[in-house]
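Chain by chain, the residues:
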Amino acid sequence: MSANGQRFSLEMGLLWLLCATASGRGGGADGFPFQDYALPNAERIEDFISRLTLQEKAEQLVSMSPGIPRLNWTALNWRSECCHGWGFTGADYKGSGWNGTATVFPQVIGLSASMDEELIEAIGHAAGVEGRAAYNAAKKQGIHGHMMTGLHCFGPTTNVNHDPRWGRIKRTWGEDPFLTGTLASAHIKGLQGGDERYMKMAADVNMFAVHSGPDSIRTHFNADVSDRELFDYYLPAFEQTIKEGKVSSVMVAYSAFRGVPDNCNPTLLTDVLLNRWNFSMISFSDNSGVRGIVATQKYTSSYANASALSINAGLHQDMASGGPSGTKWSYGGCIWNAYMLDAVQAGLVKESQLDAALRRVLGVRFALGSEDPDWLVPFSDIGMDTIGCQAHSELAIEAARKSIVLLKNNNTLPLSTTSTMKILLVGPHVNSTSVYFGGTYSAFPARPTGSILEMMTEPSLWLPDHALHRTIPNLDVKYAAGCYDVVCANKEHF
């Protein structure tokens, strides 16, 4: 570079620095101290809390946190999914700048079979990158508060799979606490990133705790296990994700523990999380979790009392409960923003308890950089071209291959390359793709493929290195739907 070019670059750099300094103080002299990114986050948080009304405090403690125009504070939806890739097909993403697609990785129970920490961390990184891309796209359009365009996501599931009747087995890492804690921690590290100041995404482990009972009664069953079972089996994976993975939030289960709903259980939320493990981040209810204290578990008959019981026990955030239109708690669908004011006025909760929860919630939010200028946050330039990109697609293929486990070989392998190979595919999902897009906690695939049957029989869908068809030219594939449910009352599809 010439001397004139170097001088120009230096002058432009100084100009940028002067502009950044002027704008960094909350947009100039009229800004608030909480907008000054040069201040420690603890000071910014205290200033922000001091400016809130009691009702605004309650509203910032729910999953659909509204914006506050008088403070130039943006809305943020804390509800996103990153179980095995970014996104969720049930999200209202229209108009947000995100088209509802992402890289879809194998189900978690399959990823667990890889036993590959580096692979799982890479998958977490890819999901975090695509989540940031969705957030950035929405932000550029001035859209805030859409589900799946926030910066906090539910994943990884850290509850051990101990009961086959639990319908969420596919989201778990299996029944081994150490493997679960190790791989979940790797996933968290990938999602949140390694920047010293900012997180790429805030991860959330779920379902805390002892929540692997029958799925049909998961919203109200009572888990009564011994201390040995609790601390040797059900809790170690969560502890590992907190101490090793540095997870940002813990989602609390719907169920009860020793007769007390988890969402207002001081043994789990205060004695274990806060005191025993020194957890400094946030605990989060599951969808309708606080509402369930009244509606399904009948632990109390008052939503104001449920609000008080939960926050006093150590819960820090209430996730949308989907209240009917026109009810007191229909706005945002949460209980706390509708009834917490009643609880405080009735003397059931001290305002200082809300402040304590806010410090934790805001600590995560400021660490995400949602209120800081884009040039300061290292993830602000992540674009939509990262969603479903070639590198992420190749990572998904690698994960699928590593998730396959050979349990037994009855002289079948290696496959013959000369004779005709007959393969029978059995299962109701073999010839369907819809199962991958509903209830699996993933987005629509950015690079969709056919069903398993189509991938086995349609040459146009074969991958360039499709080893099976390359080595076995005479492949005879048959298909039977088999049982459509566990009861298997209809056997005509065999």
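Residues numbered from 1 in each chain as written. Predicted model: local features only at pLDDT ≥ 70, side-chain atom pairs only at ≥ 80, totals over all residues. Heavy atoms only, no water.

### Focus: the overall build of the protein
Then, in step 1: The number of helices and strands found in the protein is 16 helices and 13 strands.
Then, in step 2: Here the protein holds 494 residues, and the buried ones make up 53% of them.
Then, in step 3: Long-range pairs, those at least 24 residues apart, make up 72% of the contacts in the protein with a sequence separation of at least 6.
Then, in step 4: Summed over all atoms, the accessible surface of the protein reaches about 22300 Å², with 55% contributed by carbon and sulfur. (Helix = DSSP H or I, 4+ residues; strand = E, 2+ residues; numbered from the N terminus. Buried < 20%, exposed > 50% of the residue type's maximum accessible area, 1.4 Å probe, protein only. Contact = heavy atoms within 4.5 Å. Areas by Shrake-Rupley, 256 points an atom, 1.4 Å probe, with all protein chains shown as cover.)

### A few points about the nonpolar core
Then, in step 1: Within the largest apolar cluster, 120 residues are counted, with the highest numbers of intra-cluster contacts made by Phe 208, Leu 273 and Leu 354.
Then, in step 2: Setting aside anything within four residues of it in sequence, one finds Phe 208 in contact with Leu 235, Phe 238, Val 250, Met 251, Val 252, Ala 253, Asp 262, Leu 268, Val 272, Leu 273 and Trp 277.
Then, in step 3: Formed by 7 residues, the second largest nonpolar core is a distinct cluster that contains Val 430, Leu 453, Met 456 and Leu 475. (Core = buried A, V, L, I, M, F, W, Y, C linked by side-chain atoms within 4.5 Å.)

### Here's the deal with unusual backbone geometry
Then, in step 1: The step from Asn 206 to Met 207 runs through a cis peptide bond, and the omega angle for that step is 0 degrees.
Then, in step 2: Residue Ala 209 follows Phe 208 across a cis peptide bond; omega there is 5 degrees.
Then, in step 3: Structurally, Ala 209 can be placed in the loop between strand S5 (202-208) and strand S6 (222-223).
Then, in step 4: Notably, Arg 258 is not glycine yet its phi reads approximately 55 degrees, a positive angle.
Then, in step 5: Within the element layout of this structure, Arg 258 appears in the loop between strand S8 (256-257) and strand S9 (260-261).
Then, in step 6: At Asn 411, a residue that is not glycine, the phi angle is positive and equals roughly 60 degrees.
Then, in step 7: Relative to the assigned elements, Asn 411 resides in the loop between helix H14 (390-402) and strand S11 (421-426).
Then, in step 8: Under the relative-accessibility criterion, Asn 411 is labelled exposed at 76%.

### Overview of the packing of aromatic side chains
Then, in step 1: Evaluation of the coordinates by the stated rule reveals 11 aromatic pairs.
Then, in step 2: For the ring pair Phe 208 and Trp 277, a centre distance of 6.1 Å and an interplane angle of 65 degrees mean the geometry is edge-to-face. On the criterion of sequence distance, the pair formed by Phe 208 in strand S5 and Trp 277 in the loop between helix H9 (266-276) and strand S10 (282-285) is long-range, its members being 69 residues apart.
Then, in step 3: Lying over the aromatic face of Phe 231, Arg 276 brings its terminal NZ or CZ to 4.0 Å of the ring centre. (Phe/Tyr/Trp six-rings, centres within 6.5 Å; stacked < 30°, edge-to-face > 60°. Lys NZ or Arg CZ within 6 Å of the ring centre and 35° of its normal.)

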